[in-house]
Amino acid sequence: MKRFFDGLAWLSQIGMFLTLGLLVFPSKLLAITGIGLILSAVLMFIARPIAVLISLILSKIGLKEKLFTSWVGLRGAVL
């Protein structure tokens, strides 16, 4: 079952990216590059650390560990 649903998830992702790729006009990408880079920087350096820090408020780990985990993210973190 796990392999089946894993394969189904991959096929869904491929379909989603193909569909979204058909909506992109390469000639219009240059006009939105700046705002896209600014938005991605805000999400990486401000929004994600704040969201992770909020999710760790009730955990019993120390403040230094919370700040470190909020900076590097929760992926692979074992608390």
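Up top is the structure these notes are about.
Residues numbered from 1 in each chain as written. Predicted model: local features only at pLDDT ≥ 70, side-chain atom pairs only at ≥ 80, totals over all residues. Heavy atoms only, no water.

**Q** Looking at this structure, I do not really get the packing of aromatic side chains. What am I missing?
**A** Each aromatic ring pair is specified by the distance between its two centres and by the angle formed by the two planes. In this structure the tally under the stated criterion is 2 aromatic pairs. Between the aromatic rings of phenylalanine 4 and phenylalanine 5, the centroid separation amounts to 5.1 Å while the plane-to-plane angle is 70°, which identifies the pairing as edge-to-face. With relative accessibility at 52%, the residue phenylalanine 4 sits in the exposed group. Judged by its relative accessible area of 47%, phenylalanine 5 is partly exposed. (Phe/Tyr/Trp six-rings, centres within 6.5 Å; stacked < 30°, edge-to-face > 60°. Buried < 20%, exposed > 50% of the residue type's maximum accessible area, 1.4 Å probe, protein only.)

**Q** Sorry, what's going on with the side chain of serine 70 here?
**A** Within the fold, serine 70 resides in helix 3 (residues 63-72). Within the local environment of serine 70, its side chain forms a polar contact with the backbone oxygen of leucine 67, the two atoms lying 2.8 Å apart. Leave out the neighbours within four places in its chain, and serine 70 touches Arg48, Pro49, Val52 and Leu53. (Helix = DSSP H or I, 4+ residues; strand = E, 2+ residues; numbered from the N terminus. Polar contact = N/O pair within 3.5 Å; in protein donor to acceptor, adjacent residues only side chain to side chain. Contact = heavy atoms within 4.5 Å.)

**Q** Which parts of the structure should I look at to understand the packing of helix 2 (residues 26-55) against helix 3?
**A** Following both chains from N to C, one finds helix 2 and helix 3 inclined at 135°, their axes separated by 7 Å at the closest point. In terms of orientation, helix 2 lies oblique with respect to helix 3. Between helix 2 and helix 3 lies a crossing of right-handed hand. Within the contact between the two elements, helix 2 uses Phe45, Arg48, Pro49, Val52 and Leu53 and helix 3 uses Lys66, Leu67, Thr69, Ser70, Trp71 and Val72. Its residues assigned to classes, the contact of helix 2 with helix 3 comprises 7 nonpolar, 2 polar and 2 charged. (Axes fitted to C-alpha atoms, helices over the stretch in contact; angles between N-to-C directions. Parallel < 35°, antiparallel > 145°, perpendicular 65-115°, else oblique. Left-handed = near helix turned anticlockwise from the far one by under 90°. Nonpolar A, V, L, I, M, F, W, Y, C, P; charged D, E, K, R; others polar.)

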